[in-house]
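Understanding the architecture of this molecule
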Amino acid sequence: MQPNPLAPSWLSVPQDANALATAVWSSNAARSESGELTVAGVPASALAAEFGTPLYVVDEMDARGRARLIRESFDREFARIGSSVKVYYAGKAFLSVEVARWMIDAGLNIDACSGGELAVALAAGAPAERLGLHGNNKSVREIDRAVGVGIGAIVLDSIIEIERVAEAATRHGRVQSVRLRVNSGVHASTHEFLATAREDQKFGIPLTEVAEVVALIRSHSSLKFLGLHSHIGSQIFETDGFAEAARRLFDVHAELLAGGPVPELNLGGGFGIAYTSVDDAFPIDELAARFADIVSAAAERLGVPVPVLAIEPGRSIIGNAGHTLYEVGTIKDVLVEGTAVRKYVSVDGGMSDNIRPALYGADYSARLANRSSDAEPALVRVAGKHCESGDIVVHAEYLPADVTPGDLLAVPATGAYCWSMASNYNYLGRPPVVAVRDGVARVLVRGETEEDLLRRDAGLDAS
Ligand SMILES: Cc1ncc(COP(=O)(O)O)c(C=O)c1O
């Protein structure tokens, strides 16, 4: 079959428009004998019947497995170079009480970037010393709470915060461990990185100012300086950007050693994952080996001890574990510029449950979930139901041409930054999140109903 001329160059006509690309789908996603999608043994139609659509479906053992794999791989590789690693799960990707427990069980720490995320991790029973707090504008209350519960580390992001955290630590009679977020001038995304002398962005302290700021941190007896922190971007497939950031940070790290201990270095998260079959993510064990090589080479170059490495992956743990199930509502064949047809398949969710395509132009893939089909593949655009032409769930995908209203569609790799960035746009309730494991589904986060949304409308109190 000839490709549709409207298809992007990266998207080829699939041999089988029902196939589930291994790198994109969770490890327990499969087709049953009847051709239906199952996740951890639970059929898509059973999930939709019990919980409705849209629905976020998280493959529990897949998420737990990725968390363990990342920790074990980094532990092994850093033991090889005589050091160790602290892996923080970046809760912003997706956090619920159960997910926090999975991460703690897998031996990870948890990184929160607001009081709300911290509250979820604490509600899960996560030990406070295994939590970290981020953010360029943490409120005084958030800082006070974090210090008060005995949080393991706070990442300072401005000079103003030094005083705020030091004061809170004094008030609580604690010595608070802190990292300093630096702006390395390296910004990486997918296959490229950009290195500037100074990046124009809100996060961190420029490297040129770090010595002075660390001296200020060290002047407070209520603060303990752990080391520098940098996060260079997201959805990164190459390690060159991390290597450049590590090189830049190490120059400063080595200078700081003259003034006192610098036991750690935090290189953030951002490891890329496969959203479509053309995304080629690094296997985690290879990534861990590269990181160990980068860090040991940088330390050797300057003749300093290899510090403890901290990393903060989010999407590479939870992204491919999650899927969204939608029901197809309407279908339109749109003749574009009089030459080719694009099939618009509209589903019952959209930018309120996945803002990433509209916000970043992110690409996703999709498959028929309630059945498979031998029909010829047709180029489709999966659209949401919102009042916004940019409300697209999947820009371009080939699906069997007989896709029809009432079919279920599954979009894989929606475990990260979908539920956590969801909104109530157009008064849609945020969908529930269910975990599936060994043929059983259970709710992780309940969905919102119209009643939930109306309950918050104070106008009703007056009537
Ligand atoms: C400071 C920081 N750490 C970690 C992460 C996690 O990134 P990812 O989920 O891409 O691994 C982010 C994401 O924005 C971040 O800003």
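The structure contained in this document is the topic of the report that follows. (Residues numbered from 1 in each chain as written. Predicted model: local features only at pLDDT ≥ 70, side-chain atom pairs only at ≥ 80, totals over all residues. Heavy atoms only, no water.)

Along an α-helix, residues three or four apart share an orientation, since each turn contains 3.6 residues. Ile143, Ala146 and Val147 are the residues of helix 5 (residues 140-149) that are buried. Looking down the long axis of helix 5, one finds its buried residues gathered within 95° of arc, a one-sided arrangement. Its buried side turned inward, helix 5 meets helix 4 (115-123), strand 7 (131-133), strand 8 (153-156), helix 6 (159-171) and strand 9 (176-183). Looking one or two residues past helix 5, Gly150 carries a phi angle of roughly 85°, positive in sign. (Buried < 20%, exposed > 50% of the residue type's maximum accessible area, 1.4 Å probe, protein only. Helix = DSSP H or I, 4+ residues; strand = E, 2+ residues; numbered from the N terminus. Arc of directions from axis to C-beta. Contact = heavy atoms within 4.5 Å.)

Our focus in this paragraph is the environment of Pro283. Note that Pro283 resides in the loop between strand 15 (264-266) and helix 9 (284-302). When its relative accessible area of 42% is taken as the criterion, Pro283 is described as partly exposed. For Pro283 and Ile273, which are ten residues apart along the polypeptide, the C-alpha to C-alpha distance reads 9.6 Å.

Below, the discussion takes up the pairing of strand 8. By the alternation rule, side chains of strand 8 split into Ala153 and Val155 and Ile154 and Leu156, which are all buried. Where strand 7 lies against strand 8, two bridges are found, and the strand directions are parallel. Looking at the pairing, Leu133 lines up with Ile154 of strand 8. Following the chain from strand 7 across helix 5 to the adjacent parallel strand 8, one finds a crossover that is right-handed. Looking at chain direction, strand 8 and strand 9 are connected through three bridges and run parallel. What sits directly across from Ile154, in strand 9, is Val178. Taken together, strand 8, helix 6 and strand 9 constitute a β-α-β crossover, and its handedness is right-handed. (Pairing = 2+ DSSP bridges. Right-handed = clockwise from strand over helix to strand, strands pointing away.)

Bringing the sheet that holds strand 2 (residues 37-39) into the picture now. Strand pairs in the sheet, formed through backbone hydrogen bonds, run parallel or antiparallel to each other. The strand order 1-2-3 describes an open sheet built from three strands, whose pairing is antiparallel. Pairing within the sheet leaves two strands with one partner each, and these edge strands are strand 1 (29-31) and strand 3 (42-43). Where strand 1 meets strand 2, three bridges bridge the pair, whose relative direction is antiparallel. Bridging across to strand 2, Arg31 finds its partner in Leu37.

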